[in-house]
Amino acid sequence: MNSISFYIVPCMMVIIITFGIAKKIDVFDSFISGAKEGVHSTFSIVPSIIGLITAVSMLKASGFLDIFSSFLSLLFKHLGIPTPIIPLMILRPISGSGSLALLDSILSNFGPDSFAGRVASVLMGSTETTFYAVTVYLGSVNIKNSRHAIPAALLADLSSFILSCIFVRMLFYGT
Amino acid sequence: MLNYIWGIMIIISILCASITGRIENVSNAIFSGAENAVKFIISITGMMALWTGLIKIAEESGLTNIIAKILSPVTKKLFPEFSSDSKEVKMICMNITANLLGLGNAATPFGISAMQQMNKKNPHKNIATNSMIIFIILNTASIQLVPTMIATLRQSYGSRYPFDIIFAIWLTSILSLVIGIFTAKFLEKRGKQIE
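None of these values were measured; they are calculated from a predicted model.

A. View of the overall build of chain A. Of the regular secondary structure elements, chain A holds nine helices and zero strands. What you see in chain A, going N to C, is helices and strands ordered as α-α-α-α-α-α-α-α-α. In terms of C-alpha radius of gyration, chain A reaches 21 Å, well past the compact-globule figure of 16 Å for 175 residues. When the backbone C-alpha atoms are referred to their principal axes, chain A occupies close to 65 × 40 × 30 Å.

B. Region of interest: the interface of chain B and chain A. Each partner contributes to the interface: chain B provides 99 residues, whereas chain A provides 94 residues. Counting every contact that joins chain B to chain A gives four salt bridges. A salt bridge links Glu37 of chain A to Lys56 of chain B; the shortest N-O distance between them is 3.2 Å. Here chain B is connected to chain A by 25 residue pairs in polar contact (both at pLDDT 80 or more). When residues of the side of chain B that touches chain A are traced back to their parent elements, those giving at least two are helix 1 (2-20), helix 2 (23-61), helix 3 (63-70), helix 6 (104-120), helix 7 (130-140), helix 8 (148-156) and helix 9 (166-190) of chain B. Of the residues that constitute the side of chain B that touches chain A, the class distribution is 58 nonpolar, 32 polar and nine charged.

C. The arrangement of the domain arrangement of chain A in detail. Segmentation of chain A into domains returns domain 1 (1-41) and domain 2 (45-173). The straight-line distance from the C-alpha centre of domain 1 of chain A to that of domain 2 of chain A is 33 Å.

D. Up close: helix 5 (residues 87-100) of chain B. Between its terminal C-alpha atoms helix 5 of chain B stretches 20 Å, which fits the 20 Å expected from 14 residues at 1.5 Å a residue. Judged by how many residues are buried, helix 5 of chain B sits mostly within the fold: twelve of 14 residues are covered. Considered for burial, the residues of helix 5 of chain B that qualify are Glu88, Val89, Lys90, Met91, Ile92, Cys93, Met94, Asn95, Ile96, Thr97, Ala98 and Asn99 of chain B. Looking at the buried positions of helix 5 of chain B, the neighbouring elements they touch are helix 8 (130-140) of chain A together with helix 2, helix 3, helix 4 (72-78), helix 6 and helix 7 of chain B. At the C-terminal side of helix 5 of chain B, Gly102 of chain B shows a positive phi close to 80°.

E. Examining unusual backbone geometry more closely. With a phi angle near 60°, Lys24 of chain A is a residue other than glycine that sits in the positive phi range. Here Lys24 of chain A is to be found in the loop between helix 1 (3-22) and helix 2 (27-44).

F. View of the layout of surface pockets. Counted as a void, the largest pocket has a volume near 1400 Å³. What lines the largest pocket is a set of 50 residues, and nearest its centre among them are Gly96, Glu128, Thr129 and Tyr132 of chain A together with Gly104 of chain B. At eight residues, helix 2 of chain B tops the list of elements feeding residues into the lining of the largest pocket. Of the residues that constitute the lining of the largest pocket, the class distribution is 27 nonpolar, 20 polar and three charged. Both domains that meet at the lining of the largest pocket, namely domain 1 (1-41) and domain 2 (45-173) of chain A, each give it at least three residues. Counted as a void, the second largest pocket has a volume near 590 Å³. Lining the second largest pocket are 22 residues, with Phe68, Ile90, Pro93, Phe131 and Leu154 of chain A positioned closest to its centre. Going through the elements one at a time, helix 4 (64-76), helix 5 (85-91) and helix 9 (149-173) of chain A together with helix 1 of chain B are the ones with two or more residues in the lining of the second largest pocket. Counted by class, the lining of the second largest pocket contains 21 nonpolar, no polar and one charged residues.

G. View of the side chain of Ser69 of chain A. In this structure, Ser69 of chain A sits in helix 4. What Ser69 of chain A contacts, discounting residues up to four positions off in sequence, is Ile86, Pro87 and Ile90 of chain A.

H. Structural context of the packing of helix 9 of chain A against helix 9 of chain B. Packing of helix 9 of chain A against helix 9 of chain B brings their axes to within 8 Å, and their N-to-C directions diverge by 150°. It follows from the interaxial angle that helix 9 of chain A and helix 9 of chain B lie roughly antiparallel. Helix 9 of chain A and helix 9 of chain B meet at a crossing whose hand is right-handed. When helix 9 of chain A is examined against helix 9 of chain B, the residues Pro151, Ala152, Leu155, Ala156, Ser159, Ser160, Leu163, Ser164, Phe167 and Leu171 of chain A are found in contact with a partner set consisting of Phe167, Ala168, Leu171, Thr172, Leu175, Ser176, Ile179, Gly180, Thr183, Ala184 and Leu187 of chain B. Broken down by class, the residue content of the contact of helix 9 of chain A with helix 9 of chain B amounts to 14 nonpolar, seven polar and no charged.

I. The nonpolar core, seen in detail. Core analysis: the largest hydrophobic core is formed by 103 residues, its most contacted members being Ile85 and Tyr137 of chain A together with Phe79, Met115, Met118 and Phe135 of chain B. Considering each element in turn, this core owes the most residues, twelve residues, to helix 2 of chain B. Both domain 1 (1-41) and domain 2 (45-173) of chain A contribute no fewer than three residues apiece to this core. Excluding residues that lie within four positions of it along the chain, Phe79 of chain B makes contacts with Ile92, Ser131, Ile134, Phe135 and Leu138 of chain B.

Here is what the cut-offs are and how they apply
- Residues numbered from 1 in each chain as written.
- Chains lettered and ligands numbered in written order.
- Predicted model: local features only at pLDDT ≥ 70, side-chain atom pairs only at ≥ 80, totals over all residues.
- Heavy atoms only, no water.
- Helix = DSSP H or I, 4+ residues; strand = E, 2+ residues; numbered from the N terminus.
- Rg over C-alpha atoms; globule rule 2.2 N^0.38 Å.
- Contact = heavy atoms within 4.5 Å.
- Salt bridge = Lys/Arg side-chain N within 4 Å of Asp/Glu carboxyl O.
- Polar contact = N/O pair within 3.5 Å; in protein donor to acceptor, adjacent residues only side chain to side chain.
- Nonpolar A, V, L, I, M, F, W, Y, C, P; charged D, E, K, R; others polar.
- Domains from an automatic or database assignment.
- Expected span 1.5 Å × (residues − 1).
- Buried < 20%, exposed > 50% of the residue type's maximum accessible area, 1.4 Å probe, protein only.
- 1 Å grid on protein atoms, 1.4 Å probe; cavity = no way out; pocket = protein on both sides within 12 Å on 5 of 7 lines; lining within 4 Å.
- Points joined across faces, edges and corners; volume = space filled by probe spheres on them.
- Axes fitted to C-alpha atoms, helices over the stretch in contact; angles between N-to-C directions.
- Parallel < 35°, antiparallel > 145°, perpendicular 65-115°, else oblique.
- Left-handed = near helix turned anticlockwise from the far one by under 90°.
- Core = buried A, V, L, I, M, F, W, Y, C linked by side-chain atoms within 4.5 Å.

So, in structure tokens, the structure goes:
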């Protein structure tokens, strides 16, 4: 099952390089010039990443997320959103590694085939680290005015949170 | 908006820490956060450069044209201002392909090149264009075909069918992506003064 994922990267490399050689491209020269651009664009996002990761680590260390999630769980208890999912919803848009660690603890505490375990898996699989994507892509071209990018992306995240509860209920429990 | 969010995150964490008595933790987090950010960049630079190198080959050999042609029904709808053989669309298509295959490390450098290409034709360099916003939304909704990492994690905790959540994931991703795109299209019409 997991072996599929080991084939993807090597296969892509083989396809790209064979195609390049077939079309008589100087593959190594092109590779070098592309990789040079890659190094450059990676380092162009350093300032935004430092800003974002520092702010997220501060927020995590301050205990704010725990307070905020216990506040939200009071609100969401009646909506049928399982309580262990709430910290994951808060952390998901801001920290990729943090939310993965939370998914891990939800799966180990409640089991992967429990309601909470399934909702957490669906939620993780259907969303990305929104603030990372926004900061990286806007930062890479020095965009200062993001207009409606963040509200629209966050609304998509919010709908993922709600839909993951709905679909797990529908597909696994028939209600 | 990012300015406010970033500022508020920092102010809230310092306020909250001084109330809960965790100011020491926050102080440590400032140093480790900045350090970890650089470690993170170092750790991804290799893969990012490798992919941009490979993609240069794909571009010069015309492979990206083929992928762009396959995805053109989608890109024509989402990015009507670019022709389907333009450099922007080629990079957008490579980003979509990498995302579908679950190659996050490859999707980012393609995404950055796509943004750089789109910014070349941007009349107001500091302001995000409609296409840029749609592109960002495409990247904030996970459109991975096979969620291998989640299935692997589920399997390691003894799930009977680690992949049984795949339909729920597809349905949730697609619907939330549609909601995101409609929201963006709706909001771009309201904020006309920028155009």
